[in-house]
Amino acid sequence: MRTIRAQAAAGGLFGALLLLASAHAVAEPQVRQYAVNWFFPALHSVEGDCPGGINPTGPQRFERILKAMNTPPAKIQKLLQGYPRSFTEEYVNRGQIDGHPVNVYINPTSAPDPDVKTSTGKYGYGFNLDGKEGPGDFIDLETGERGVDNMSARAQGCFTTLRGDLNKTMPQHYSAHWETVRGRMPAWLIEITGIDSLEKDDDVTVRTYSAIEPGVRDMSAQLMPDMTFRTSPDPRYMNSLHGRIRHGILTTDPAESFHMLADPYFQMSITLRSVRLRLHLDNEQDRRLKGVIGGYTPFLDVYNSISILGSSGEVDLGVDLPGFYFALRKLADANPDPRTGMNMDISSAYYIEAVPAFLIHREQEMQFTQNTTGHGDKK
Amino acid sequence: MNDRRLRGALGAAAMSLASLLLCGGVSAADKAAAAGAPAAASKEAGPPVMRRLTEVQFRNIIADVFGSTMALRGRFEPDNRSDFLIAIGAGKATITAAGFEQYDRIARGLGEQIVQPANRDAFIGCKPASDTAADERCATSFLRRVGRLLFRRPLSAGELKTFVDASSAVANQQHDFYTGISLAIAGVLSSPQFLYVQERSEPDPDRPGQMRLDSYSKASRLSFLLWNSAPDEHLLAAAEKGSLHEPSELQAQVDRMLASSRLEAGVRAFFTDMLQFELFDTLTKDPALYPKFTLSASQDAREQTLRTIVQTLLRDGDDYRSLFTTRKTFLTSGLAALYRVRLPYAPDSVDGWVPYEFSGDSDQSGILTQASFVALHSHPARTSATLRGRALVEIFQCIKVPDPPSNVNFTLVQDTSSAVYRTARVRLAAHAKEPTCAGCHRLTDPLGLGLENFDTSGEFRENENGVPIDSSGTFRGRKFTDAVGLGQVIHDQPATTSCLVRRLHEYGLGRMETRGEKDWRVSILEKGFAADGYRFKPLLRQLTTSAEFYRTAPNPAVRPSLVNVR
């Protein structure tokens with residue numbers, strides 16, 4: 001008995017079994033707490049989803065840039081032989097404003113739109129955010145929902161290092177990015193309260209927090225499960241969503257916004273509007289929470305998270321940055337600028353995987369401060 | 001003289017110094033002691049011992065004499081465990097040629113640090129007449145004072161002269177007083193009188209015909225037991241006066257040492273030895289299967305148990321047996337994750353350790369359920385009810401379990417993915433059908449299976465291969481249903497307290513008990529322990545204030561070879 005209670009408290013196998021097997025017998029609603037282990041764009045990149053092939057990387061892309069700059073063929077050959085060392089500042093500053101060279105990453109519209117390829121796949125991940133079925137919408141692979149809005153996936157889907165398939169391959173850049181930052185930024189925390197049944201429950205609450213502490217890696221380089229985190233009292237990074245559970249899957253109602261402190265390297269914060277979540281609570285084997293969060297995010301945030309890498313973004317990631325900017329801008333599908341009419345937000349979906357954790361809220365901190373010999377395994 | 005030639009000259013000097021001390025100093029002392037010994041040795045008391053300092057003792061002494069900032073550069077000879085204790089193995093430990101090179105390296109490094117301009121005035125305590133020549137007066141003053149602390153007794157006139165002469169010779173040759181001092185102190189630190197705690201006996205005037213430790217040996221035995229370091233100035237002064245043989249002075253010194261914060265180091269050292277914590281140095285777990293068992297989790301597991309022991313036995317003064325049932329402990333964030341509990345917020349914690357009390361219905365109860373036991377006595381990728389059971393009976397019940405025969409087939413036990421034998425209990429039951437195995441497994445396995453709910457990293461689990469784990473068992477007629485019950489059974493066993501007293505006694509003696517010493521331990525020490533509510537500090541007091549603890553047989557006529565220099 002003592003074991004079942006303790007494991008249920010940590011969101012474990014037996015907690016899940018207990019809930020599934022005896023929904024009527026559970027007296028107190030369950031609370032589950034997690035720390036986010038993985039977070040990256042949810043893509044379903046498959047062969048053939050980029051007509052005409054993947055956007056060129058490395059020397060091919062450099063050659064295209066050189067041609068666009070009217071470089072003489074002999075010089076192009078010489079420069080290609082010296083690539084990537086020959087990709088010098090001159091090409092970083094290939095943008096033109098008023099006849100002056102400017103940094104093309106900071107000023108992506110200062111170069112012509114190279115019209116990079118975007119994904120045309122039929123299936124993807126996310127949510128039907130606008131309630132409509134549009135020509136660029138996906139069919140969700142998991143739920144079968146039609147009209148799924150994830151234009152961000154289309155913009156990213158034809159760059160080799162940004163492509164990925166949720167069930168097979170993590171997107172190379174975003175997984176490396178998260179791998180780099182998750183042990184250095186305040187952990188992302190998820191708390192699900194009011195769980196009466198994993199089979200059917202119409203009233204649960206999902207709260208997300210930024211932690212005070214960063215996560216700690218375990219020996220497999222993943223976020224260590226069952227660590228204790230203090231939640232940040234900063235209200236900007238607290239989000240609350242109402243949801244319901246059906247057959248172990250929690251889906252939230254749309255919420256106006258979601259904001260989370262991110263990392264100091266690539267993206268300071270993540271903002272989503274018209275946000276919703278779908279989370280699997282029934283991963284009995286590894287006790288992990290897995291799911292998707294979707295919403296509209298500023299397309300400039302997506303662009304800046306790559307362009308901040310500068311020439312490394314072009315040379316190492318092989319992403320034509322002005323091209324990426326134009327792709328995002330063209331596919332942006334929400335929040336029109338009142339002045340220009342240009343959509344500033346782009347529909348997006350991110351994969352979330354979280355490990356069980358213990359959360360201490362500010363009010364509990366005071367409790368512990370008064371008596372540090374706590375009974376922390378009692379929730 | 002170039003650097004190489006200088007190093008060669010100094011090396012030769014140090015080696016010859018050590019050889020001189022090895023061959024000359026010890027045998028002379030033996031002859032002197034043997035001359036005063038009674039003709040008939042005591043039948044009950046064991047011999048005085050000569051124990052090699054452990055690495056921790058070496059470090060403690062250096063910190064005590066020269067401060068904790070001194071860097072020890074070199075590897076120490078590995079400690080040897082014998083008859084369940086490193087303290088006993090230290091009495092059989094030699095120093096290899098390679099090991100001596102390392103001690104020499106450490107000693108030279110210390111010598112160099114001692115004479116550094118920033119340190120020399122504080123450590124040496126006098127100034128030479130000239131920095132560029134020998135100064136016997138200053139060298140003698142320094143070496144006499146520091147040598148006494150390092151040898152745990154005053155240096156003999158011969159020993160002092162040897163070191164001072166060496167210092168002077170080098171100082172004059174190198175035109176540097178401090179180089180001479182550096183080499184001389186390196187000689188002290190690499191000499192057997194320092195590296196070995198050499199006990200000496202003398203006739204006991206209160207018990208004609210019997211022997212006792214001399215007062216300096218008594219001070220060392222007391223100090224290494226209670227503080228895991230050499231005697232301090234107060235204790236040496238009492239030894240020097242001979243008053244340590246007076247019960248009232250001995251009592252006063254013991255009370256002073258028991259009241260000191262340094263007692264914690266001694267208690268930690270004893271339990272580190274008894275619980276075989278040197279095994280942590282080589283403990284590994286399969287990172288793919290047990291990713292929570294990080295290096296810091298491993299270090300924390302060891303520390304958790306030591307903190308639990310110190311808190312329970314020293315600070316709270318609780319019954320020793322409560323170590324097997326207590327819910328109180330200390331956790332770090334990594335350990336809390338391993339045990340799957342919320343770590344209380346403790347803003348006052350400067351080192352990351354937080355006092356913690358598991359709830360009354362927790363599976364965590366006592367040190368047997370801590371990772372320092374269940375993880376330490378397991379394989380890298382699977383538990384071992386046999387290793388755990390063996391450790392439990394050997395460490396806490398003082399029952400010796402023989403090693404398995406060399407031709408045993410372990411295939412069945414090791415196949416944790418067997419579709420037929422899905423739990424450790426079933427696999428061991430099948431394995432124990434081997435007649436050659438059954439005897440020992442009957443003793444070890446029921447206890448070890450009581451801890452099967454803890455995987456090899458110490459994390460709790462309910463099932464193995466999808467099958468619920470049965471952790472029930474019986475030990476000496478007492479049934480238990482799980483690890484908590486097992487802890488209670490061990491708590492209630494008379495052998496549990498008896499074993500602790502035996503281990504402590506032998507740890508203090510540095511050797512196994514003789515029959516007479518065992519009789520005294522059982523009839524006096526154990527009864528006193530019980531009368532004191534099985535509290536550890538009173539046990540230490542009773543042991544260290546008893547004259548019997550210091551009784552010995554005469555010094556052995558021939559000492560073993562100290563250094564295997566080929």
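A quick note: this is a predicted structure, and the numbers were derived from the prediction, not measured. (Residues numbered from 1 in each chain as written. Chains lettered and ligands numbered in written order. Predicted model: local features only at pLDDT ≥ 70, side-chain atom pairs only at ≥ 80, totals over all residues. Heavy atoms only, no water.)

Overview of the overall build of chain A
And then number 1: What chain A contains, in helices and strands, is 11 helices and 15 strands.
And then number 2: For chain A, with 379 residues in total, the buried portion stands at 56%.
And then number 3: Nonlocal contacts in chain A, meaning residues at least 24 apart in sequence, comprise 64% of its contacts between residues at least 6 apart.
And then number 4: Accessible area of chain A: about 16,300 Å², with a carbon and sulfur share of 53%. (Helix = DSSP H or I, 4+ residues; strand = E, 2+ residues; numbered from the N terminus. Buried < 20%, exposed > 50% of the residue type's maximum accessible area, 1.4 Å probe, protein only. Contact = heavy atoms within 4.5 Å. Areas by Shrake-Rupley, 256 points an atom, 1.4 Å probe, with all protein chains shown as cover.)

Some details on the environment of A:Gly134
And then number 1: Mapped onto the elements, A:Gly134 comes out in the loop between β4 (123-124) and β5 (139-140).
And then number 2: The spatial distance from the C-alpha of A:Gly134 to the C-alpha of A:Met268 is 32 Å, given a sequence separation of 134 residues.

Observations concerning the sheet that holds strand β5 (residues 211-213) of chain B
All names here are of chain B.
And then number 1: The strand order across the open sheet formed by 3 strands is β4-β5-β12, and the pairing between neighbours is antiparallel. Two strands bound the open sheet, and with one partner strand each, they are β4 (201-203) and β12 (551-552).
And then number 2: Pairing analysis gives 3 bridges linking β4 to β5, with the strands arranged antiparallel. Directly across from Ser-201, in β5, lies its bridge partner Leu-213. (Pairing = 2+ DSSP bridges.)

What about the nonpolar core?
And then number 1: By size, the foremost hydrophobic cluster in this structure holds 92 residues, and its most contacted members are B:Leu226, B:Phe271, B:Tyr320, B:Leu331, B:Phe396, B:Leu500 and B:Phe536.
And then number 2: With sequence-adjacent residues up to four places away left out, B:Phe536 is seen in contact with B:Val267, B:Phe270, B:Phe271, B:Leu313, B:Leu500, B:Leu504 and B:Phe529.
And then number 3: Counting 79 residues, the second-largest nonpolar core is a separate cluster that includes A:Tyr125, A:Leu277, A:Val302 and A:Leu317. (Core = buried A, V, L, I, M, F, W, Y, C linked by side-chain atoms within 4.5 Å.)

A word on the pattern of salt bridges
Any two side chains of opposite charge can pair if their charged atoms end up close together.
And then number 1: Applying the stated criterion to the full structure yields 58 salt bridges over all chains.
And then number 2: Between A:Asp253 and A:Arg244 there is a salt bridge, with the nearest N and O atoms lying 2.7 Å from each other.
And then number 3: By relative accessible area, A:Asp253 is classed as partly exposed at 26%.
And then number 4: With its nearest N and O atoms 2.5 Å apart, the salt bridge here joins A:Asp345 to A:Arg273. In this pair, A:Asp345 sits in strand β15 (residues 343-360) while A:Arg273 sits in strand β12 (residues 269-280), placing the two residues 72 residues apart along the sequence.
And then number 5: Members of the salt-bridge network, linked through shared partners, are B:Glu264, B:Arg268, B:Glu303, B:Arg307, B:Arg315 and B:Asp351. (Salt bridge = Lys/Arg side-chain N within 4 Å of Asp/Glu carboxyl O.)

Concerning the packing of helix α6 (residues 136-151) of chain B against helix α7 (residues 157-174) of chain B
All names here are of chain B.
And then number 1: For the pair α6 and α7, the least separation of the axes is 9 Å and the interaxial angle reads 130°. One element, α6, and the other, α7, form an angle in the oblique class. Considering only the axes of α6 and α7, their crossing is right-handed. Contacts between α6 and α7 involve Glu-136, Ala-139, Thr-140, Leu-143, Arg-144 and Phe-151 on the former and, on the latter, Glu-159, Leu-160, Phe-163, Val-164, Asp-165, Ser-167 and Ser-168.
And then number 2: Looking at the contact of α6 with α7, its residues break down into 6 nonpolar, 3 polar and 4 charged. (Axes fitted to C-alpha atoms, helices over the stretch in contact; angles between N-to-C directions. Parallel < 35°, antiparallel > 145°, perpendicular 65-115°, else oblique. Left-handed = near helix turned anticlockwise from the far one by under 90°. Nonpolar A, V, L, I, M, F, W, Y, C, P; charged D, E, K, R; others polar.)

Regarding the state of the cysteines
All names here are of chain B.
And then number 1: Per the counting criterion, the structure on display carries 3 disulfides over all chains.
And then number 2: Each disulfide pairs two cysteine sulfurs, and for Cys-126 the partner residue is Cys-138, the sulfurs being separated by 2.0 Å. Judged by the torsion about the S-S bond (95°), the Cys-126/Cys-138 disulfide is right-handed. One end of the pair, Cys-126, is in the loop between α5 (117-124) and α6; the other, Cys-138, is in helix α6, and 12 residues separate them in sequence. For the pair formed by Cys-126 and Cys-138, the shared burial category is buried.
And then number 3: Sulfur-sulfur distance for the disulfide between Cys-398 and Cys-499 comes to 2.0 Å. Where Cys-398 bonds to Cys-499 through sulfur, the torsion about that S-S bond is close to 85°, and the disulfide is right-handed. Here the residue Cys-398 occupies a position in the loop between α17 (385-397) and α18 (411-414), and Cys-499 occupies one in helix α22 (residues 494-509), the gap between them amounting to 101 residues. Residues Cys-398 and Cys-499 agree in their burial class; the two are buried.
And then number 4: The connectivity of the disulfides in chain B is 1-2, 3-4, where the numbers refer to bonded cysteines in sequence order. (Disulfide = S-S within 2.5 Å.)

So, the packing of aromatic side chains
And then number 1: Enumeration over the complete set of coordinates arrives at 35 aromatic pairs over all chains.
And then number 2: For the ring pair A:Phe87 and A:Tyr91, a centre distance of 6.1 Å and an interplane angle of 40° mean the geometry is tilted. Grouping residues by exposure puts A:Phe87 and A:Tyr91 together as buried.
And then number 3: Their ring planes at 90° and their centres at 5.8 Å tell us that B:Tyr320 and B:Phe324 sit as a pair that is edge-to-face. The pair B:Tyr320 / B:Phe324 is uniform in exposure class, with both members buried.
And then number 4: Between the NZ or CZ atom of A:Arg154 and the centre of the ring of A:Phe138, over which it lies, the distance is 3.8 Å.
And then number 5: It is B:Arg120 that lies over the ring of B:Tyr178; its NZ or CZ is 3.6 Å from the centre. (Phe/Tyr/Trp six-rings, centres within 6.5 Å; stacked < 30°, edge-to-face > 60°. Lys NZ or Arg CZ within 6 Å of the ring centre and 35° of its normal.)

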